[in-house]
Amino acid sequence: VDTTSTISANKAAKAVPSSQLSSTTTSKLLNLSTVTKQDLEQFVVNLGHPKFRAQQIWQWIRVQGVTDLEQMTNVPKKLRQQLEEFSKPKALEIAFEMVSKDGTIKRAYKCHDGQVIESVLMPYQDGRYTACISSQAGCAQGCVFCATGQMGFSRQLTPDEIFEQVARFSAELNQQEHSQKKEQKNGEDNKSHGRSKRLSNIVFMGMGEPMANFRHVKTAIQRITNDLGIGARRITISTVGIVPNIRKLHEDSEMPPVRLAVSLHCANDEERSSLLPANQRYGGLKELMTCLKEYMDSTGRRITLEWALIEGQNDDEDTARELGNLVTTQYGLRRDMVHVNVIPLNPTGGFGGSPSGRQRVDKFCQTLEREFGMSCTPRVRRGIDIDAGCGQLKAKVMEKEKSGEQQDSIQQSSDLLDFIPQQSQRVPQVGVYEDDGEEDSRGEKSLSFDREQLSFSIHEEAVDFEEDDYEDPEFSAGLETKEAQRLINLVKGTTIQLQEPQGSEKV
């Protein structure tokens, strides 16, 4: 009997701290990109080494941005071998990467379950580096002009998946900076000498709605500030307007004092609800603006209102006046505490609008500044040549994968047609996630379809409304109750019936 693999597994189970064994992955390897200092210390001690060795490894990982074990020259060879066996440098796999002519780097990461998320690193001429990161795989808010919103929601990202996006960019910049210092020390000529390569700012403006994943986002931000040394005031959360969780930004004492940006885009409920369905879900502009006033009064922090300018729709001077009156007259927000950031629309295949021209952008900003004393600046478009807008790269990656699998789909479709009973001409579509062939310990259910049995398991990523992780209260609204009843009536009207338990009485 070969006991080597069993011994290694037992060692790994004892060495890797339980907090690093995520329920979302089968891997029992320590992720060096996301490990906490405390867990790294426990890991090293469990392997039989003194605690100070963890500090040496931490210095390599966090300060110098090195996860290549062979470069950790002051770490004993035996410990490096153990790290090789029981750790991994990262969890997110780069599925695709593009570099813009302006230096912007955009990545599509593939998660352990195949979900694709996006991250962007944006360099600026003044030396700043800003990382734009994702908080969800997909998005449930349904903003009609957003590529991610057009995809729908898949699942929440874990704190580690959020943190790793930042940690990877930070590590790479740290490596570049140390290389430059080494070149400078050796007297080599380098034009970038004297310019910091540190990651300076984080914006939660990638895929997903961060306020709908509040707890995981909060944990990730705590890690970013503590482990990477990026101040909370250099971190911005952008939200469509999840009112209950905006309040948590100033009511939760454990939440670092980050900056807040709100995707507004329209100054009346009718237009805003047509572009952003979440507007009606959370009480409309009245609830949102009242909440922003409370936030501003409580924190004394400035807020940013994001406004995607759409040609001929929300970019004229009258619309700018409507926005100015909404902010200053109707809800009395301090004009010096509000900044309007106008954003040229990133075109997507699922939305017919186009970005506003330069003259309309300038007139919109000038109206707010001259007539209302509100600061307003256009956002610099970055990475437009590499689809750097939220969700755009993932859409292309998915399209490429889909075209590559087209031939296989033809055969699969043929097999499916053979399976479906011939007497049924119309097959109702039932919203059940595929279980990828994995068994689920929470039990199986069955459906009967004209005497054919279809078995399925509850998917591990299905939303559990009983758990406090689901912090989006949208399903308590009357609108969703009516929709739920409509779906129930639709299902009752199909030929699908739940299999009756043995011995049960018919109603």
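The numbering scheme is per chain: residues are counted from 1 as the chain's sequence reads. Per-residue local features are limited, in this predicted model, to residues with pLDDT of at least 70; the limit for side-chain atom pairs, both in listing and counting, is 80 or more; totals at the level of whole chains, interfaces and linings are taken over all residues. Calculated side-chain values reflect all of the structure's heavy atoms, with hydrogen atoms and water omitted.

Asker: How should I be thinking about the overall build of the chain in this particular structure?
Answerer: Looking only at helices and strands, the chain has 16 helices and 17 strands in total. Only protein chains enter the calculation, and the probe is 1.4 Å; a residue is then buried if its accessible area is under 20% of its type maximum, exposed if over 50%, and partly exposed in between. Out of the 507 residues belonging to the chain, those deemed buried represent 44%. A contact between two residues is defined here by any heavy atoms of the two lying within 4.5 Å. By sequence separation, contacts in the chain at least 24 residues apart represent 67% of the contacts at least 6 residues apart. For the chain, the computed accessible surface area is about 27,400 Å², with 47% contributed by carbon and sulfur atoms. Helical segments are the DSSP runs of H or I of at least four residues, strand segments are the runs of E of at least two, and each set is numbered from the N terminus. Surface exposure here means Shrake-Rupley accessible area, sampled with a 1.4 Å probe, where a residue is shielded only by the protein chains that are shown.

Asker: What's the story with the pairing of strand S4 (residues 105-110) in this structure? I'm lost.
Answerer: Moving residue by residue along a regular strand, the side chains alternate between the two faces of the sheet. Here, strands pair whenever DSSP counts at least two bridges between them. Where strand S3 (residues 93-99) and S4 come together, six bridges link them in antiparallel fashion. What sits directly across from valine 99, in S4, is isoleucine 105. Linking two consecutive strands that pair antiparallel, namely S3 and S4, is a turn of five residues; a positive phi of about 95° is found at glycine 103 within it. Linking S4 to strand S5 (residues 116-123), which pair antiparallel, is a turn of five residues; within it glycine 114 sits at a positive phi near 90°.

Asker: Any chance you could explain the sheet that holds S5 here in plain terms?
Answerer: In sheet architecture, strand pairing relies on hydrogen bonds along the backbone and comes in two forms, parallel and antiparallel. In spatial order, the strands read S3-S4-S5-S6-S9-S10-S11-S12-S13-S14; together these ten strands make up an open sheet with mixed pairing. At either end of the open sheet lies a strand with only one pairing partner, and these are S3 and strand S14 (375-378). Adjacent strand axes in the sheet meet at a mean angle of 20° when their direction is disregarded. Examined bridge by bridge, S5 and strand S6 (residues 129-132) share four bridges and lie antiparallel to one another. Residue pairing across strands places valine 120 opposite cysteine 132, the latter belonging to S6. Across the sheet, helix H6 (residues 159-185) touches S3, S4, S5, S6 and strand S9 (201-204), and the angle it forms with S5 is around 35°. Contacts from helix H7 (residues 214-227) reach S9 and strand S10 (235-239), with the element oriented near 165° to S10. Lines fitted to C-alpha atoms define the axes, with helix axes restricted to the stretch in contact, and inter-axis angles between N-to-C directions lie between 0 and 180 degrees.

Asker: What should I look at first to understand the environment of leucine 32 in this one?
Answerer: Relative to the helices and strands, leucine 32 resides in the loop between strand S1 (30-31) and helix H2 (37-46). Residue leucine 32 is classed as buried on the basis of its relative accessible area, which comes to 1%. For the pair leucine 32 and leucine 83, spaced 51 residues apart in sequence, the C-alpha to C-alpha distance is 9.4 Å. Here leucine 32 is in contact with Ile61, Arg62, Thr67, Leu69, Ser87, Lys88 and Pro89, once residues within four sequence places are set aside.

Asker: Is there a simple way to think about the packing of helix H12 (residues 317-330) against helix H13 (residues 358-372) in this case?
Answerer: Working note: a packed helix pair is described by the angle between its axes plus the distance between those axes. Running from amino to carboxyl end, H12 crosses H13 at an angle of 40°, the nearest separation of the two axes being 9 Å. Judged by the inter-axis angle, H12 sits oblique to H13. You can see that H12 and H13 cross each other, and the crossing is right-handed. Between H12 and H13, the contacting residues are Glu317, Thr319, Ala320, Arg321, Leu323, Gly324, Asn325 and Thr328 on the first element and Lys363, Phe364, Thr367, Leu368, Glu371 and Phe372 on the second. Every angle not falling under 35 degrees, over 145, or within 65 to 115 is termed oblique; those three ranges are roughly parallel, roughly antiparallel and roughly perpendicular. Crossing chirality is assigned from the near helix's rotation relative to the far helix, an anticlockwise turn below a right angle marking it left-handed and a clockwise turn marking it right-handed.

Asker: Please explain the packing of aromatic side chains as it appears in this structure.
Answerer: What describes a pair of aromatic rings is the distance from one ring centre to the other and the angle between the planes of the rings. Within 6.5 Å between ring centres, the rings of Phe, Tyr and Trp (the latter by its six-membered ring) count as paired, and their orientation is classed by plane angle as stacked under 30 degrees, edge-to-face over 60, tilted in between. Counted by the stated rule, this structure contains one aromatic pair. The side chain of arginine 62 reaches across the aromatic face of tryptophan 58, ending 5.0 Å from its centre. Criterion for a charge above a ring: Lys NZ or Arg CZ within 6 Å of the ring centre, and within 35 degrees of the ring normal.

Asker: Would you mind going over unusual backbone geometry with me for this structure?
Answerer: Negative phi is the rule for most residues except glycine; trans is the rule for most peptide bonds. Non-glycine residue histidine 265 carries a positive phi angle of around 70°. Residue placement: histidine 265 occurs in the loop between strand S11 (259-263) and helix H9 (269-275). Residue classification places histidine 265 among the buried positions, given a relative accessible area of 5%.

Asker: What is the right way to read helix H11 (residues 284-299) from this model?
Answerer: Each α-helix winds once per 3.6 residues, and so residues spaced three or four apart point in a common direction. Helix span, as expected, comes to 1.5 Å for every residue beyond the first. Here H11 spans 23 Å end to end across 16 residues, near enough to the 22 Å set by a 1.5 Å rise per residue. All buried positions along H11 are accounted for by Gly284, Leu285, Leu288, Met289, Cys291, Leu292, Tyr295 and Met296. Looking down the long axis of H11, one finds its buried residues gathered within 160° of arc, a one-sided arrangement. Opposite the packed face of H11, turned more than 90 degrees from it, sit the exposed residues Lys286 and Asp297. After H11 finishes, the residue glycine 300 shows a positive phi value of roughly 70°. Here, the arc refers to the directions that run from the helix axis to the C-beta atoms.

Asker: What's the story with the confidence of the model for the chain in this structure? I'm lost.
Answerer: Atomic detail in the predicted coordinates should be set aside for any region of low pLDDT. The share of residues in the chain with pLDDT of 70 or more is 67%, and the mean pLDDT across the chain is 78. The low-confidence segment residues 22-26 (pLDDT under 50) makes three contacts with residues lying over four places distant or belonging to another chain. What pLDDT conveys is the predictor's confidence in a given residue, as a value from 0 to 100. Ignoring residues within four places in sequence, the model shows residues 461-476, a span with pLDDT below 50, making 26 contacts including any to other chains.

Asker: Would you mind showing me how to read the environment of aspartate 297 here?
Answerer: Considering the arrangement of structural elements, one finds aspartate 297 in helix H11. C-alpha separation for the pair aspartate 297 and arginine 334, spaced 37 residues apart in sequence, amounts to 9.5 Å.

Asker: What's the story with the packing of H2 against helix H3 (residues 52-63) in this structure? I'm lost.
Answerer: Where H2 meets H3, the closest approach of the two axes is 8 Å, and the angle between their N-to-C directions is 130°. When the axes of H2 and H3 are compared, the pair comes out oblique. Once H2 is placed against H3, the crossing between them reads as right-handed. Contacts between H2 and H3 involve Lys37, Leu40, Glu41 and Val44 from the former and Arg53, Ala54, Gln55, Ile57 and Trp58 from the latter. The class makeup of the residues in the contact of H2 with H3 is five nonpolar, one polar and three charged. Three classes are used, and their members are as follows: Ala, Val, Leu, Ile, Met, Phe, Trp, Tyr, Cys and Pro are nonpolar, Asp, Glu, Lys and Arg are charged, and the others, Gly among them, are polar.

Asker: Looking at this model, I keep getting lost on the pattern of salt bridges. Mind explaining?
Answerer: Side chains bearing opposite charge may pair, as long as their charged atoms lie close to each other. Between Lys or Arg on one side and Asp or Glu on the other, a salt bridge is scored when a side-chain nitrogen of the former is within 4 Å of a carboxyl oxygen of the latter. Counted by the stated rule, this structure contains 22 salt bridges. Close ionic contact of lysine 293 with aspartate 297 constitutes a salt bridge, the shortest N to O distance being 2.9 Å. Placement of the pair is lysine 293 and aspartate 297 together in helix H11, with a separation of four residues, close to one helical turn. Residue classification places lysine 293 among the partly exposed positions, given a relative accessible area of 27%.

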